[in-house]
Structures are given as C-alpha cells and as structure tokens.
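Listed below, chain by chain, are the residues.
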Amino acid sequence: MEQKKSRFSNWMRNSITARMLVVGFLLLVLLIPLEFVKSLINERAYRQEEVVREINEKWGNEVLLSGPILKIPYKVIFEEKIFNEKSNSYYTKTKESIENAYFFPDKLNIISQVDTKPLNRSIYESVVYSAAIEVKGNFPIIDFSDTDIADENILWEKATVILKTSNLKGIKTTPVVNLASEALSMTPQYSTDYLNTIQSNYIANAKEIFAAPLPFSFDLKINGSESLKFLPIGKETDATMKSNWHSPSFDGNFLPEDTNKEISKDGFTANWRILQINRQFEQSFFGHLPDLSASAFGTKLIIPVDEYQKSERTAKYGFMVIGLTLLVFLLIQLVSKIYIHPFQYVMIGLALVMFYTLLISISEHSNFFKAYAIAAVSVLALITVYSRAILKGFKFPLLICASLASLYGFIYVIIQLENYALLVGSIGLFLILAIIMFASRRIDWNND
C-alpha cells in the first residue's frame, strides 16, 4: 500500500500529463472566484445605474418636444338606429360628437443651447443639462374645403395651440406662444400617454387670422438628462443644437448634416434639415393625433465608457490571464525541473483574481488608467516576489514579471480600442501562441 502511494506521488511530481491535469483542474477551480468578481462588477454597475436614475428623475428625465400644433374642434353629425321594443321597430336618431382637427406648421425652426453639468451623489456621477430652446415658424392657411366638414360645424372659437413633451417636470419657464399679436399662455392637460400635452387658452378671431399664413414663436427653458429630441412636424424643419458636451451620440430617425457638424473637446454644434417628404406622416390629422415619437431626432448626451464597463471588459480576459500565467509557470517547471506545489498554483491564481477586485475598488475613487496601473503593479510585484521564493533565482521570476506585464499592457490596449479591438486581439493571441509553441518545442512530452 505504501509502495502504491509512493508510485502515485512520484507520478504526480514527475509526469507531464499529471502536472498538466492538475494545472487544468486548478484553472477551472479559479474560475469560481473570477465569476464572483464579475458578479461584484455587475452589482456595482447596477447600483450606479440606480443612483443615476434617481438623480435624473429629480432633475428631469430625457426631453422630447414638438413644435406648436394647431387644434381646432369640429362637430360630427351622425345618425344612429335605435330599436323600439314597444313597436318592435327601429327608428333613427341624430347625434353629434366633438372631434379635433390637428394642423402642423409649414416652417419650423428650432434653436437650442444645451449646457451640461455633472451631478454627484457619493461616488457616483450623472450628467444633466439645462436647455434654452427658441422655436419659430409659421402656420399655413387653414382650409377645411378638402374635407366633408361643413363650415357651421367648425368650432373656431375653441381653437387652441398645443405642445407635446415627454418631460413636464423639467420645464423651468411657463411657455407662452406668440401667435401674430396675441400671447397664448399654456397649461398642462391630464394624459396617461408618453407625450404629455400642454394647451393654450382659446385663440381669439381664429377664423380670420388663419385665413393667411400666421407666424408663431415661443421660448422654453427646460432641465433634462440623457437626451434631447424634437419632432419634425414642420413641412420644413430646421434645427440647430449647440452644447458644451464633448461626446454626443446623435440619435433618432434623422442624423445631422455632415457639412456643418462640429465636435470637439469643448462641445458640439449640429444642424438638421428635415422635409415632409423625409418622414411618413402628413401635415394634418382629423379625429386622432397619433404618437409620432418614432420620428424624433436629436442627441444623446452620453457618458463615455465608464469604469464599470471597462472593468467588466477587463474581467472577460480573466480566464486568458490566469490560464497563460499558470501555463508559464508550468513550462518553467518542466524546463527547470523545479517542483511547484498545487497550493502554490492556487496562491498565484488568487493573486491574479485580486487584480480585478483592486481594479474595481480603486477605479470608483480614481480614473481607470490610474486604477489599472496600481492594480497591475501590485499584482506584478506580489507574484514576482512569490515566484522568487518558489523558483530560487532571478531569471525565471523576471521572465514571469515581463510576461505578465506584457499581458496586462496588451489587455489595456485592447480595452481602449473600439474599431480595431478584434483585429489587435487576434494578432496578439496569434503571437502569444507562437511564443508558447517556440518555448515548448524542446520539452520531452513523452514523460508520462
């Protein structure tokens, strides 16, 4: 029995196959704490999203705004057949209901100045903005002659102007629509729709003033976060947006014109020009105003890839870092004939896992580069000193330090890249494979 234990022990110490199986098993075991680290990153990222959402809700969420829409009620006369049980026959009763006609502007010009600023709560940060919006344009001649609505059924005296917006909470000035010489004050109307309605008081002499094209204008100051978008309801819609935010993401159904779009570290300027032919809805609706938010255009004021996203992307390479590092120790063990105990492999693997906990904890209080550098240097120093005690010399520990430093540097470069990450990663892995094949070419693999 003692002889069998001795033979098994010798096989475990001297067999290449046995040592590879042990290292492979330990690599799989080390995936467990690595998964815990990934869960921690996701948990912290979710907490950040939760805090940012709370900040945005109190300041003002995303803003989607339409230009002014002319709303004119009209009567609909219809006949309804009613069954009389006493006479066992039908009789006709004339009824009427009130519907609304909606008319969009011919020209709509929107100029917005968006000033952003960070809001902090504890270690978390959100970017919010205050926008000063100036809207001008003109309504066309309002003519019902192409419809079957009789003149006497049009309720001109109840004509109003409405605005549609997704964010009533963020409005900081009561909008007043200047229509010709009249200033129309606006009040919100109850609605459960995504786009809330703000409606003016009745327009005096609406029939007379809409017999010719009618200019309008209004100013609005509004707080928001995440994005600012507009509905292109004008027959010709021109929009200009200026901001001090350096990383906009132009979003929605239309992109700004490339000829005069400017983006720099000091902010951006963008211009849109959208014609009626560019979108899939007409200039007037009768009976019901549909939700046109799918046609919106504008800008997302996004925060570039934050520390949690970068940490998550780094952790995805954890299996490769741990696997390659253990493989380097295994090759050194095979070449130098120095025995490395499985416990020592576990300690090395746990030190590599600690890199990610250091990275995420330091990055919450500093920038990602500094956190990455501190975590990498700490782990490199720890593993180099530890391997010096295992391998009894300076040659192999320095090799391990250089290999691990190159690997961490390679991963950092990949994380910073966007368009070329896959290409650089593939070339890097090919070179790593070539180096391993070259380094292991003289090992006697027949020692099983």
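Residues numbered from 1 in each chain as written. Predicted model: local features only at pLDDT ≥ 70, side-chain atom pairs only at ≥ 80, totals over all residues. Heavy atoms only, no water.

### Let's talk about the overall build of the chain
- Scanning the chain from N- to C-terminus turns up 9 helices and 17 strands.
- C-alpha extents for the chain along the principal axes are approximately 110 × 65 × 40 Å.
- Expressed as a percentage of its 448 residues, the buried residues of the chain come to 43%.
- Counted over contacts in the chain with a minimum sequence separation of 6, partners at least 24 positions apart contribute 77%.
- Looking at the chain as shown, the accessible area adds up to about 24500 Å², and 57% of this sits on carbon and sulfur atoms. (Helix = DSSP H or I, 4+ residues; strand = E, 2+ residues; numbered from the N terminus. Buried < 20%, exposed > 50% of the residue type's maximum accessible area, 1.4 Å probe, protein only. Contact = heavy atoms within 4.5 Å. Areas by Shrake-Rupley, 256 points an atom, 1.4 Å probe, with all protein chains shown as cover.)

### With respect to the nonpolar core
- Counting 64 residues, the largest nonpolar core has I133 and F210 as its most contacted members.
- Here the element with the most residues in this core is strand β5 (residues 124-139); it accounts for 6 residues.
- When near neighbours in sequence (up to four residues on either side) are disregarded, I133 contacts L65, I110, I111, S112, F218, D219, L220, I222, L228 and F230. (Core = buried A, V, L, I, M, F, W, Y, C linked by side-chain atoms within 4.5 Å.)

### Quick notes on the pattern of salt bridges
- Throughout the structure, instances matching the rule amount to 8 salt bridges.
- The salt bridge involving K107 is made with E236; its shortest N-O contact spans 2.7 Å. Within this pair, whereas K107 is found in strand β4 (residues 107-121), its partner E236 is found in strand β12 (residues 236-243), the two being separated by 129 residues in sequence.
- The partner of D238 in a salt bridge is R273, and the shortest N-O contact between them spans 2.8 Å. Separated by 35 residues along the polypeptide, D238 in strand β12 and R273 in strand β15 (residues 267-275) bring together distant segments of the chain.
- Classification of D238 as partly exposed rests on a relative accessible area of 22%.
- Connected through shared salt-bridge partners, K107, E236, D238 and R273 make up one network. (Salt bridge = Lys/Arg side-chain N within 4 Å of Asp/Glu carboxyl O.)

### Describing the pairing of strand β11 (residues 227-230)
- Covered by surrounding structure in β11 are S227 and K229 together with L228 and F230, the residues of both alternating faces.
- Where strand β1 (residues 63-65) lies against β11, 3 bridges are found, and the strand directions are parallel. If you follow V63 over to β11, its bridge partner there is L228.
- Examined bridge by bridge, β11 and strand β17 (residues 297-301) share 4 bridges and lie antiparallel to one another. Opposite L228, over in β17, you have T299 as the bridge partner. (Pairing = 2+ DSSP bridges.)

### A closer look at the confidence of the model for the chain
- Averaged over every residue, the pLDDT of the chain is 83; the share at 70 or more is 92%.
- At the level of individual helices and strands, the chain shows its lowest average pLDDT in helix α1 (residues 2-14), which scores 57, and its highest in β12, which scores 94. (pLDDT = per-residue confidence, 0-100.)

### Section: a negative patch on the surface
- Residues D143, D146, D151 and E152 make up a contiguous surface patch of negative charge.
- Secondary-structure assignment places E152 in the loop between β5 and β6 (160-165).
- Of the residues examined, E152 reaches a relative accessible area of 63% and is grouped as exposed. (Patch = residues over 30% accessible without salt bridge, like charges linked within 9 Å, V, L, I, M, F, W, Y side chains within 5 Å. Lys, Arg positive; Asp, Glu negative; His and termini not counted. Charge placed at Lys NZ, Arg CZ, Asp CG, Glu CD.)

### Some remarks on the UniProt feature "transmembrane region" (unreviewed entry) in the chain
- Here the UniProt-annotated "transmembrane region" (unreviewed entry) positions come out as residues 317-336, 343-362, 368-386, 398-415 and 421-439.
- Secondary structure over residues 343-362 splits into 100% helix and 0% strand, and the C-alpha atoms at its two ends are 28 Å apart.
- The span residues 368-386 is 100% helical and 0% strand by assignment, and the distance between its end C-alpha atoms comes to 27 Å. (UniProt positions renumbered as here; feature names shortened; annotations may be inferred.)

### Things to note about a nonpolar patch on the surface
- On the surface, F25, V29, I32 and F36 cluster together into a nonpolar patch covering about 430 Å² of accessible area.
- Inspection of the secondary structure puts F25 in helix α2 (residues 16-59).

### A few points about unusual backbone geometry
- With a phi close to 55°, N205 is a non-glycine residue in the positive phi region.
- Within the secondary structure, N205 sits in the loop between β9 (196-200) and α3 (206-209).
- The class for N205 is exposed, based on a relative accessible area of 55%.
- In this structure, E226 takes a positive phi of about 70° despite not being glycine.

### Here we look at the side chain of T160
- By the element assignment, T160 lies in strand β6.
- Discounting chain neighbours no more than four positions away, the residues touching T160 are I69, L70, K71, Q199, S200, N201, Y202 and I203.

### Description of the domain arrangement of the chain
- Domain boundaries in the chain define domain 1 (1-50 + 306-441) and domain 2 (62-300).
- When each unit is reduced to the centre of its C-alpha atoms, the spacing between domain 1 and domain 2 is 57 Å. (Domains from an automatic or database assignment.)

### Points about helix α7 (residues 368-391)
- Along its 24 residues, α7 runs 33 Å from first to last C-alpha, staying within 8% of the 34 Å computed at 1.5 Å per residue.
- Of all the positions in α7, only F368, A371, Y372, A375, A376, V379, L380, I383, T384, S387, I390 and L391 are classed as buried.
- Packed against the buried residues of α7 are α4 (307-315), α5 (318-336), α6 (342-363) and α8 (395-416).
- Between a side-chain oxygen at the N-terminus of α7 and the backbone nitrogen of F369 the separation is 3.2 Å; the capping residue is N367.
- Phi turns positive, to about 55°, at K392, one or two residues after α7. (Expected span 1.5 Å × (residues − 1). Polar contact = N/O pair within 3.5 Å; in protein donor to acceptor, adjacent residues only side chain to side chain.)

### A word on the packing of aromatic side chains
- Per the stated rule, a full pass over the model turns up 21 aromatic pairs.
- Considering the side-chain rings of Y74 and F286, the 6.3 Å spacing of their centres and the 65° angle between planes classify their relative orientation as edge-to-face. Of this pair, Y74 sits in strand β2 (residues 69-84) while F286 is found in strand β16 (residues 284-286), placing the two residues 212 residues apart along the sequence.
- Through successive ring pairs, a cluster of aromatic residues spans F355, Y356, F368, F369, Y372, Y408 and Y412. (Phe/Tyr/Trp six-rings, centres within 6.5 Å; stacked < 30°, edge-to-face > 60°.)

### Examining the packing of α4 against α8
- At a minimum axis separation of 10 Å, α4 and α8 run at an interaxial angle of 130°. Classed by the angle they form, the pair α4 and α8 counts as oblique. At the point where α4 passes α8, the crossing takes the right-handed sense. In contact with K310, R313 and T314 of α4, α8 contributes I411, I414, I415 and Q416. (Axes fitted to C-alpha atoms, helices over the stretch in contact; angles between N-to-C directions. Parallel < 35°, antiparallel > 145°, perpendicular 65-115°, else oblique. Left-handed = near helix turned anticlockwise from the far one by under 90°.)

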